[in-house]
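Listed below, chain by chain, are the residues.
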Amino acid sequence: MSWALGALLFAATVAGAPAAAPPPAASMAQDPAARVVFPASVSQGAMVIGKVPPGSRVRHGGRELRVTAYGSVVFGVGRDATAPLQVEVERPDGGRERIAIGVTPRDWPVEEVRGVPPRTVDPPPEVAARIAREAAQVGAARALDDARADFAQAFIWPVAGRLSGRFGNQRIYNGKPGSPHSGMDIAAPAGTPVKAPAAGVVTLAAADFYITGGTLIIDHGHGISSNFLHLSRIDVKVGDRIAQGQVVAAVGATGRATGPHLHWGMNWFDVRIDPLLVLERAKLAARSAAVALDGPHVVLQGAGNESPRPARLADFAATLRRCLENRGLTLATTLINEPVIVLREGGEELELVMPAEIGAYVFWPGRKPGEAMGYPLIDGRPQAMARELAQRYFEGPPCPVSG
Ligand SMILES: [Zn+2]
């Protein structure tokens, strides 16, 4: 059994479960680099970031996903997606896994929008060619698959303001049913500066599209893009590299709009996703432990619980620390109680959904085999496990500590 499969089984069975025997270390040693991490379930409209061994090939939604040097992959979940989502992973050693991810359905209320310019609801036939041409430009911008991993940043709001329209709502414009709302609307006065919610590259900047008015698309890499509509002003041009927080445009009411607001949409290629979920993911990540991988880290999860288990976790960490110090390395320890941690290495962020309530997770900088291993310490032998882990990582003699 691979470690990744063990992690999945562990995730499925351990929460709140009675004492379970830890997986034998020997079985984990067979394939120490095989680390495949995806959430067990996701919401419709979500952006999903997963982790695979670097060099893997990953398929989802009829696409081969680009994999970063660190093994991050991303995909979007459509508004009408149904469970299970399938992800196929082919590891560098040729081993294959198929991961099934649950989908949480959402409600999509009907929303009436009155007072939009009638010409944008029932465009006259003579503008059909123009609308098609502009849609093709948008489609081409969204089709790009850039290697940058800006999507892994913690996104920020592009303008401050009231949420005036939600993603996915079934829209009725001037009494006529239209498409579901493709993004989120933020109420803000005309002229309010629009900031880039994450870094990226400008792939479309159009002052006056027929339906969407002033239109800007920023590419965040791997098919993830942001679009901003109804703008009164655009301050950047196609090809510009944009930093997170940089002012790129100004709020307006151009195109099919009843008044000034910022429409912010996000896509994974042609799949529309919900920016609000991307912001919530960033908020969750900010509350959880962020671990910068400048050295070996052991993340102890659930260590704040009122139970005898934290003592085992602390024991594990102390033993591992002594092992590493004997080899001239410093171990950092992070205690978390959230189900998510964020790893940062070389500017790249990776969210990991922790598969257990109680456990120790060891992360190493770089991509050495055995860089990340998890140990359920429900009923483990913490010191033996820590010594064995350190020994395996260094492929050297047993860790010389007593106890
Ligand atoms: Zn909108």
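Rules behind the numbers
- Here the residue index of a chain counts from 1 through its sequence in written order.
- Confidence filtering applies because this is a predicted model: local features only for residues at pLDDT of at least 70, side-chain atom pairs given and counted only at 80 or more, and all residues used for totals across whole chains, interfaces and linings.
- Numbering of helices and strands runs from the N terminus; a helix is a DSSP stretch of H or I covering at least four residues, while a strand is a stretch of E covering at least two.
- As a rule, residues whose C-beta atom has 12 or fewer other C-beta atoms within 10 Å are exposed, those with 20 or more are buried, and those in between are partly exposed; C-beta atoms are placed from the backbone.
- Expected helix span is given by 1.5 Å per residue-to-residue step, counting one fewer step than there are residues.
- Picture the helix axis, draw a direction to every C-beta atom, and the arc is the one those directions span.
- Here contacts are defined at the residue level, using C-beta atoms placed from the backbone and a cut-off of 7 Å between them.
- The score called pLDDT rates the predictor's confidence residue by residue, from a low of 0 to a high of 100.
- Each nonpolar core comprises buried Ala, Val, Leu, Ile, Met, Phe, Trp, Tyr and Cys residues, the members being joined through C-beta atoms within 7 Å.
- Any two strands with at least two DSSP-identified bridges between them are counted as paired.
- Here an angle of 0 to 180 degrees is reported between the N-to-C directions of two axes, which are lines fitted to C-alpha atoms, with helices fitted over the stretch in contact.

Here the focus is the overall build of the protein chain. A count of helical and extended segments in the protein chain gives seven helices and 28 strands. Out of the 403 residues belonging to the protein chain, those deemed buried represent 44%.

For helix 4 (residues 128–142), built from 15 residues, the straight-helix expectation of 21 Å at 1.5 Å per residue is met to within 8% by its first-to-last C-alpha distance of 21 Å. Every buried residue of helix 4 is accounted for by Val138, Ala141 and Arg142. Projected onto a plane normal to the axis of helix 4, the buried residues spread over an arc of 100 degrees and lie on a single side. Facing away from the buried side of helix 4 by over 90 degrees, the exposed positions are Ala128, Ala129, Ala132, Arg133, Ala136, Gly139 and Ala140. Packed against the buried residues of helix 4 are strand 14 (200–209), strand 15 (213–221), strand 16 (224–231) and strand 20 (261–268).

Considering every residue of the protein chain, the mean pLDDT works out to 81; 78% of them sit at 70 or more. Note on residues 367–371: pLDDT is under 50 here. Beyond four places in sequence and across chains, it has 10 contacts.

With that settled, consider the nonpolar core. Core analysis: the biggest nonpolar cluster contains 86 residues, and Met47, Val48, Val194, Leu216, Leu231 and Leu320 have the highest contact counts within it. Looking at this core, the element that brings in the most residues is helix 6 (residues 309–325), giving six residues.

Strand order in the open sheet formed by three strands is 8-10-11, with mixed pairing between adjacent strands. Only two strands of the sheet have a single neighbouring strand rather than two, namely strand 8 (110–113) and strand 11 (176–180). The mean angle between the axes of side-by-side strands here comes to 30 degrees, regardless of whether they run parallel or antiparallel. Across three bridges, the pairing between strand 10 (residues 170–173) and strand 11 is antiparallel. Within the sheet, the bridge partner assigned to Tyr173 lies in strand 11 and is Lys176.

Right, let's get into the environment of Arg96. Note on placement: Arg96 falls in strand 7 (residues 96–104). Here Arg96 falls in the exposed class, since 10 other C-beta atoms lie within 10 Å of it. On a C-alpha basis, the gap between Arg96 and Val58 in space is 9.7 Å, while along the polypeptide they are 38 residues apart. Those residues in contact with Arg96 that lie beyond four places of it in its chain are Glu88, Val89 and Glu90.

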